[in-house]
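Chains, contacts and geometry: an overview
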Amino acid sequence: MNNHKTYYRDNDFEPEQAGGNTLLIQIDPSTFSYAVIGQNKLLAIELKRDLNELTEVTGENNLLSAHYRERIIGLPQNGFTFMPMSLFSPDHITDFARFLDVKANEKVFSQPLDTENQVIYKVDEGITAIIADKFDVKNVVFSAKGWMKAITLSNPPKENLYLNIDINKVELLNLQENKLRFYNSFEFKNKDELVYFTSFVAQELQLEPHHITLVLSGDVEINDKNCRRLREFFNKVELNDLKTIDLPGQIPSQSVLSLTALALCGSSEAL
């Protein structure tokens, strides 16, 4: 994969004046990315910093420790399940969590995913400890929630299959009549495994390869090895050009969509 480290800071942005802005943090198992937005504009962003640096929110990291109007932190899941709102009850969260086979070193979170679904997911306790120590667990959300919401708001056709690609993980999303039809994530080791999981999902959804459009975001470029390989099996493959905020011209929208779309999310509380 490309694994580019994007860094940008607006010339007029000062962390000391961050009070009216929003800090977005998206955490992966070993890295994190952050963005600062204000008045629907990107003020600062950095992708793929070592997760250990998140515990040091002073000095060079004073941008992360500044006072913000709002913080939204996307957490990586070790397992999840969606529950229809009509069936969900906070009183039975322990019963629902049994589907996730929660280990001693994992913590369970729950929040509305959209108007019809509640998401219940588990997170490594080491990551939640960092958040609890440096930030506030009330600010956390299911990491894919913003990306999913941004796509839903775009009124996508049912023939679109959305992929958000990271170094070794892909998330796949399909909607029908603006309602969630399918979401899942898979770890892959190479371009052939990426094609396999994409083809498997398309087949399960009864989407013909010559009819659907793959819309890609994340660590992807139109001519990289993963994209080229996907085009060997699917006729229509394109980059996701959705923007949830104004971006400077040098930052491709697809590379930061999952992070910047966190601004569309509210916060949830740990259970």
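**Describing the sheet that holds strand β6 (residues 79-84)**
- Across the sheet, which stays open at both edges, the 3 strands sit in the order β6-β8-β7 with antiparallel pairing between neighbours. Since the sheet does not close on itself, it has two edges, and those belong to β6 and β7 (106-112), each with one partner. Neighbour-to-neighbour, the strand axes of this sheet turn through a mean angle of 20 degrees, independent of strand direction.
- Those strands touched by helix α3 (residues 125-134) are β7 and β8 (117-124), and its axis lies near 95 degrees from that of β8.

**Remarks on the packing of aromatic side chains**
- Throughout the structure, instances matching the rule amount to 12 aromatic pairs.
- Summarising the aromatic geometry, the rings of Phe80 and Phe82 are spaced 5.0 Å apart at their centres and angled 45 degrees between planes, so their arrangement reads as tilted.
- For the pair Phe142 and Tyr183, a centre-to-centre distance of 6.1 Å together with 75 degrees between the ring planes defines the contact as edge-to-face. Residue Phe142 is located in strand β9 (residues 140-142), and its partner Tyr183 is located in strand β12 (residues 179-187); the two are separated by 41 residues in the primary sequence. Considered together, Phe142 and Tyr183 belong to a single accessibility category, that of buried residues.
- Joined through ring pairs, the aromatic side chains of Phe80, Phe82, Phe109, Tyr121, Phe142 and Tyr183 make up one cluster.

**Re the sheet that holds β9**
- Ordered in space as β1-β4-β3-β2-β5-β9, the 6 strands form an open sheet in which the pairing is mixed. Two strands in the sheet have a free side with no partner beyond their single neighbour: β1 (7-9) and β9. Across the sheet, the mean angle from the axis of one strand to that of its neighbour is 20 degrees, orientation sign disregarded.
- With 3 bridges joining them, strand β5 (residues 70-75) and β9 adopt parallel strand pairing. Directly across from Gly74, in β9, lies its bridge partner Val141.

**As for the confidence of the model for the chain**
- The predicted model of the chain averages 91 in pLDDT, with 94% of residues at 70 or higher.
- Taken together, the stretch residues 267-271 has pLDDT below 50 and engages in 24 contacts with residues farther than four places along the chain or on a different chain.

**A word on the side chain of Ser143**
- Residue placement: Ser143 occurs in the loop between β9 and α4 (145-153).
- In this structure the side chain of Ser143 is engaged in a polar contact, spanning 3.0 Å, whose partner is the side chain of Gln26.
- Ser143 has contacts with Gln26, Gly74, Leu75, Pro76, Ser258 and Leu262, leaving out every residue within four places of it along the chain.

**Section: the pairing of β12**
- Bridge count between strand β11 (residues 169-176) and β12: 8 bridges; the pairing is antiparallel. Looking across to β12, one finds that Glu171 is bridged to Ser185.

**Some points on the pattern of salt bridges**
- According to the stated counting rule, one finds 13 salt bridges in the structure shown.
- Between Asp192 and Arg229 there is a salt bridge whose closest N-O contact spans 2.7 Å. Of this pair, Asp192 sits in helix α5 (residues 191-204) while Arg229 sits in helix α6 (residues 225-231), and the two are 37 residues apart along the sequence.
- For Asp192, a relative accessible area of 38% translates into the label partly exposed.
- Glu232 is paired through a salt bridge with Arg229; the nearest N and O atoms lie 2.4 Å apart.
- Taking relative accessible area as the criterion, Arg229 reaches 21% and is therefore assigned partly exposed.
- One connected set of salt bridges, linked through shared partners, spans Asp28, Lys48 and Asp166.

**Regarding the side chain of Thr31**
- Secondary-structure assignment places Thr31 in strand β3 (residues 31-38).
- On the accessibility criterion, Thr31 (17% relative accessible area) is buried.
- When residues no more than four places from it in sequence are discounted, the contact partners of Thr31 are Gln26, Lys48, Arg49, Asp50 and Leu51.

**A few points about a positive patch on the surface**
- A grouping of Lys191, Lys225, Arg228 and Arg231 is seen on the molecular surface, where their side chains present a positively charged patch.
- A total of 3 residues in the positive patch trace back to one element, the largest contributor, which is α6.
- By the secondary structure assignment, Arg228 is in helix α6.
- According to the relative accessible area criterion, Arg228 is partly exposed, its value standing at 44%.

**Considering the nonpolar core**
- With 42 residues, the main nonpolar core has Ile25, Ile27, Leu54, Leu63, Leu75, Tyr121 and Phe142 as its most contacted residues.
- Here this core takes 4 residues from α4, the largest share from any one element.
- Core analysis: the second largest hydrophobic core is formed by 23 residues, Val170, Phe182, Val201 and Leu207 among them.

Analysis parameters
Residues numbered from 1 in each chain as written. Predicted model: local features only at pLDDT ≥ 70, side-chain atom pairs only at ≥ 80, totals over all residues. Heavy atoms only, no water. Pairing = 2+ DSSP bridges. Helix = DSSP H or I, 4+ residues; strand = E, 2+ residues; numbered from the N terminus. Axes fitted to C-alpha atoms, helices over the stretch in contact; angles between N-to-C directions. Contact = heavy atoms within 4.5 Å. Phe/Tyr/Trp six-rings, centres within 6.5 Å; stacked < 30°, edge-to-face > 60°. Buried < 20%, exposed > 50% of the residue type's maximum accessible area, 1.4 Å probe, protein only. pLDDT = per-residue confidence, 0-100. Polar contact = N/O pair within 3.5 Å; in protein donor to acceptor, adjacent residues only side chain to side chain. Salt bridge = Lys/Arg side-chain N within 4 Å of Asp/Glu carboxyl O. Patch = residues over 30% accessible without salt bridge, like charges linked within 9 Å, V, L, I, M, F, W, Y side chains within 5 Å. Areas by Shrake-Rupley, 256 points an atom, 1.4 Å probe, with all protein chains shown as cover. Lys, Arg positive; Asp, Glu negative; His and termini not counted. Charge placed at Lys NZ, Arg CZ, Asp CG, Glu CD. Core = buried A, V, L, I, M, F, W, Y, C linked by side-chain atoms within 4.5 Å.

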